[in-house]
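# Reading the structure
In case you want the letters, here they are:
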Amino acid sequence: MLNAVRSSKGAGIIKSGAVIDDAWRLVTVAQGETPETVALPIGPLLVPVPVWRSRRAELIRREYEHGWPLGVWLSAEEGPEAIAADLDDFSVIAVEFSKFTDGRGYSTARLLRTRYGYGGELRAIGDVLRDQLFYLARVGFDAFAVRADRNIDAAMAGLADFSAAYQRAAGPAAGPTRLAA
Amino acid sequence: MYRYDEIDHRLVAERVAQFRGQTRRYLAGELSEDEFRPLRLQNGLYIQRHGPMLRIAVPYGTLSSRQLKKLAHIARTYDRGRGHFTTRQNLQFNWVKLAEVPAILAELAEVEMHAIQTSGNCIRNLTADHFAGVADDEIADPRPWVEILRQWASFHPEFAYLPRKFKIAVNAAANDRTVAAVHDIGLHLTRSASGEIGFAVQVGGGLGRTPILGSVIREFLPARDLLGYCEAILRIYNRHGRRDNIYKARIKILVKSLGSAEFARQVEEEWTQIQDGPENPHAAEFARVAAHFTAPPYQLLAARDAQFEARKRDDRGFARWVGRNVRSHRVPGYAIVTLSLKAPGSAPGDISAAQMETVARLADEFSFGELRVAHEQNLILADVRQRDLFALWQEVRTAGLATPTTGLLADIVCCPGGDYCALANAKSIPIAQAIQKRFEDLDYLHDIGPMSLNISGCINACGHHHVGNIGVLGVDKHGEEWYQVSIGGSQGRDAALGEVIGPAFAADEMPVVIERLVGAYLDRRHADELFIDTVRRIGVAPFKARVYATPQQHERKFANA
Ligand code: SF4
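Cut-offs used in this document
Residues numbered from 1 in each chain as written. Chains lettered and ligands numbered in written order. Predicted model: local features only at pLDDT ≥ 70, side-chain atom pairs only at ≥ 80, totals over all residues. Heavy atoms only, no water. Contact = heavy atoms within 4.5 Å. Buried area = accessible area lost by both parts, 1.4 Å probe. Salt bridge = Lys/Arg side-chain N within 4 Å of Asp/Glu carboxyl O. Polar contact = N/O pair within 3.5 Å; in protein donor to acceptor, adjacent residues only side chain to side chain. Helix = DSSP H or I, 4+ residues; strand = E, 2+ residues; numbered from the N terminus. Nonpolar A, V, L, I, M, F, W, Y, C, P; charged D, E, K, R; others polar. Core = buried A, V, L, I, M, F, W, Y, C linked by side-chain atoms within 4.5 Å. Buried < 20%, exposed > 50% of the residue type's maximum accessible area, 1.4 Å probe, protein only. Pairing = 2+ DSSP bridges. Axes fitted to C-alpha atoms, helices over the stretch in contact; angles between N-to-C directions. Parallel < 35°, antiparallel > 145°, perpendicular 65-115°, else oblique.

A separate point is the interface of chain B and chain A. In this complex, chain B contributes 46 residues to the contact, which on the side of chain A involves 35 residues. Of the roughly 3,700 Å² buried between chain B and chain A on both sides combined, carbon and sulfur atoms contribute 52%. Summed over the three residues of chain B that lose the most area to chain A, namely Pro 157, Tyr 161 and Arg 239 of chain B, the buried surface amounts to 21% of that side. The salt bridge partner of Arg 150 of chain A is Glu 35 of chain B, with a shortest N-O separation of 2.9 Å. For the pair chain B and chain A, the interface holds 21 residue pairs in polar contact (both at pLDDT 80 or more). Counting residues per element, the ones that place at least two in the side of chain B that touches chain A are helix 1 (6–27), helix 2 (33–41), helix 5 (143–153), helix 6 (226–240), helix 8 (260–274) and helix 9 (283–290) of chain B. In terms of residue count, helix 1 of chain B provides more of the side of chain B that touches chain A than any other element does, 9 residues in total. Considering only residue class, the side of chain B that touches chain A consists of 18 nonpolar, 9 polar and 19 charged.

Structural data, given as structure tokens:
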């Protein structure tokens, strides 16, 4: 899985209904590294929660000095509580899908949007595939780092699989809905 | 019954298009096996022994005659002319071809049907009382609520990739006919002291490897909070249910490990953060849905039809059928009729295309064009005039649907088992057939009285063997098919799980085992005492002693099975 995330580094993402270049770099803590010592490359970064916690001042200083906005990524195990107090700091929150069948990230996104009022970019990373994009958008994701071995332009069609829904969307999604939840 | 509006039609049509594309990409090698599997499962498509099996949703067991005609057409065109009704009120086709499934789904969409979420780790098709709206012990009609839950659960974006499957049943009667206690959520419609409608919420029941009855976590949930509260339960489960071990992934394991009180506390805590949201469903939406479930245009009839009574006196066969397969209706002069799919020698729940067409015609002629599927794998005509019963009986007898054994030992509930199911440890249909053959004598069956016998081909328990008065479970012993027997299970308000009586049996021993269990009961029963009540009174031991008293023709090879 880490490979999948790593290889998405620098590739395009789907955002606002288009494929755009991605300026964000994903920081992972490899074996033998620690959150305290892992190298932080230049430019805007998506850092794992332990790195955010241990190097918060340094990251904020980078933003202040270089204008590199802050981003964080949550692993499948981490819920929104892990960063709930800091939401205002982030321009991007990414949620990792280690396997596309692990649905925890859907609840994470939904809660970030509806309970914690997060309004910035919410990005799905990891095992992100065309056939899940519609539901991902409904729970509040607005950016999708489609798995690097897949054709991202073709994947975008998945966002338009349905033109209506029974449930209210947690993000900016189109189409009529019927039920209030 | 509920009719689709523009949104329902659009969603189902778009789902068909979506799955058509997914199937095409899979066949073209663009989707891997692992990527396609959850997609096809959430469209009801399994890969079985003989190839794909398609499970079609029959929401809470309601069908129109038009839909049944379409199912007959599909059976003839895409299958081998048969279908199988399941213990979850659905219909399975066992002989479909993968490439044709999108076409079948398109045909289903024409009659407001689909196969959405009949499998997979999502909220499955909901089940409810097959007598909803007509039962004389009903508190209020559950169907508007179940339909709203159905819509809420369909394509729910947050809960499409749960740790494991999730089943919801809604009971609305004094006598629970849905086995709600063995569902992930069992809802019991009830009224508060002030007459407000709400639900008792039971969570964490289930059969399978770890059979357990659900715990009531809320005695009274106002109906307006239904969707929000279910959302809270599902969210706790989605976030905290185990994903590391498929056998420990059901919500029952989470409820058990937390304890039901702690689980309830977490749900309530989640719920307090949801409940300030909008009323859900809106009163207007509820009214729109409920308007589909108004009573059909009943005639004003006498409570007892004289002609019907005379027929019963004159014709013993008719009287016997009425005694077992017809029950009282809340409207005077009407009756509820069970059409048996348990003819001797047949596979329980199986129905031919010709029988489907007959039932559809009879529903049109005698029951306002609608029918129900019972989880006991029979069909129900819910609104038949007493005076039409004799004519109806003659028709269903010709069609092989009048076996007068509803609720008796021969009304066996049975999963498809090893003849079809890829997961099976043992065949189940031949066991059912052999037992039916042994208990062919109707007088004997009637003397034994009401009791249930459930057979599952493996621990997944699709035949609900844990809640059968007698339960039979297929087990694999060194590559051979053996059968473990339990007694004392029951459905209803006092649902209970059966107790295993001892070492397993070979297939050809099974009829004798059942005979001995029945014999022990007949010897010990008090007047009018049901099998289950005798088991409860005297315990398992006397039954066990009888069954294992003398060896059968077989030496028992696996004494500790
Ligand atoms: S109980 Fe087992 S054998 Fe029977 S249908 Fe279910 S999975 Fe298949």
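Don't stop here, the text continues.
Once that is clear, we can look at the nonpolar core. Residues and elements named next belong to chain B. In this structure, Ile 233 and Trp 321 are the most contacted members of the largest nonpolar core, which totals 157 residues. It is helix 6 that provides the largest number of residues to this core, a total of 9 residues. In this view, Trp 321 contacts Val 326, Val 337, Thr 338, Leu 389, Leu 392, Trp 393, Val 396, Ala 402 and Pro 404; residues no more than four positions away in its chain are not counted. Leu 408, Ile 455, Ile 514 and Val 535 belong to the second-largest nonpolar core, a separate cluster that totals 38 residues.

Here we take up the pattern of salt bridges. Opposite charge on two side chains allows them to pair when their charged atoms are near. Scanning the model with the defined rule gives 59 salt bridges over all chains in all. A salt bridge links Arg 110 of chain A to Glu 231 of chain B, with the nearest nitrogen and oxygen atoms 3.5 Å apart. Here Arg 110 of chain A is found in helix 4 (residues 104–114), whereas its partner Glu 231 of chain B is found in helix 6 on a different chain. With a relative accessible area of 3%, Glu 231 of chain B lands in the buried category. A salt bridge links Arg 143 of chain B to Asp 141 of chain B; its shortest N-O distance comes to 2.7 Å. Bridged by salt links that share partners, the residues Arg 110 and Arg 115 of chain A together with Glu 158, Glu 231, Arg 235 and Glu 270 of chain B form one connected network.

Right, let's get into unusual backbone geometry. Residue and element names in this part refer to chain B. With a phi angle near 60°, Glu 112 is a residue other than glycine that sits in the positive phi range. Tracing the chain through its elements places Glu 112 in the loop between helix 4 (101–110) and strand 6 (127–128). For Glu 112, a relative accessible area of 11% gives the class buried.

Let us look at the sheet that holds strand 15 (residues 379–385) of chain B. Residues and elements named next belong to chain B. One open sheet accounts for 5 strands, arranged 3-14-15-12-11; its pairing is antiparallel. A single partner strand is all that each edge strand has here, and the edge strands are strand 3 (62–64) and strand 11 (326–328). Taking each pair of neighbouring strands and ignoring which way they run, the sheet shows an average axis angle of 30°.

Residues and elements named next belong to chain B. Where helix 12 (residues 353–366) meets helix 13 (residues 389–398), the axes come as close as 11 Å, and the angle between the chain directions of the two elements is 175°. Judged on the interaxial angle alone, helix 13 and helix 12 are roughly antiparallel. Judged by residue contacts, Arg 361, Leu 362 and Phe 366 of helix 12 engage Ala 391, Leu 392, Glu 395 and Val 396 from helix 13. Across the contact of helix 12 with helix 13, the residue classes break down as 5 nonpolar, no polar and 2 charged.

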